[in-house]
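Chain and residue survey
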Amino acid sequence: MSKEVISTTAAPAAVGPYSQAIKVGNTLYTSGQIALDPATGAMAADDIAGQAEQVIKNLQAVLTAAGYTFDEVVKTTCFLANMQDFAAFNAVYEKYFVSKPARSCVAAAALPKAALVEVEVIAIH
């Protein structure tokens, strides 16, 4: 089975030794996205709602680069720096993941660049 590295300048460059996404067959595995603005490399917001919006934009850019849509996402893994942000995060999340993919959402002790949220997805054509 072939493996394809997905990369786009419409999403932040990787901040470590990894790819933005890998496509294997008809399945796409994205790396976690945080709220970095791809144009500046800076955190796009300092609140959970603003960061969640940027994370979703970054994921959308990676999905689009690979030829996928949010409707093809079957699993998300969400990391929150503070579980008290759960409701505010969900308010943003539910606007985009209307197909209600399977999901895990956990609190993380710390996220890269002091982000408040990180999300990764698995999508299938």
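Here goes a summary of the coordinates provided. Treat the numbers as computed from the prediction; the structure is a model and nothing was measured. (Residues numbered from 1 in each chain as written. Predicted model: local features only at pLDDT ≥ 70, side-chain atom pairs only at ≥ 80, totals over all residues. Heavy atoms only, no water.)

1. Quick word on the sheet that holds strand β1 (residues 3–6)
The six strands are arranged β1-β2-β3-β6-β4-β5 in an open sheet whose pairing can be described as mixed. Two strands lie at the open edges of the sheet, namely β1 and β5 (102–107), each paired on one side alone. Each strand axis lies, on average, 15° off the axis of its neighbour in the sheet, ignoring direction. For strand β2 (residues 21–24) and strand β3 (residues 27–30), the ladder comprises four bridges, and the chain directions are antiparallel. Counted as the bridge partner of A21 is T30 from β3. (Pairing = 2+ DSSP bridges. Helix = DSSP H or I, 4+ residues; strand = E, 2+ residues; numbered from the N terminus. Axes fitted to C-alpha atoms, helices over the stretch in contact; angles between N-to-C directions.)

2. Here's the deal with the state of the cysteines
One pass over the full model with this rule turns up zero disulfides. No disulfide involves C78; its sulfur sits 4.9 Å from the nearest other cysteine sulfur, which is in C105. (Disulfide = S-S within 2.5 Å.)

3. Let's talk about the nonpolar core
Residues L28, L63, F89, F97, V117, V119 and V121 are the most contacted members of the largest nonpolar core, which totals 28 residues. Among the elements that take part in this core, helix α1 (residues 48–66) stands out by supplying nine residues, more than any other. For F89, the residues in contact, after removing those within four places along its chain, are I48, A52, C78, L80, R103, V117 and V119. Among the nonpolar cores identified, the runner-up in size contains five residues, and I34, L36, A108 and L111 belong to it. (Core = buried A, V, L, I, M, F, W, Y, C linked by side-chain atoms within 4.5 Å. Buried < 20%, exposed > 50% of the residue type's maximum accessible area, 1.4 Å probe, protein only. Contact = heavy atoms within 4.5 Å.)

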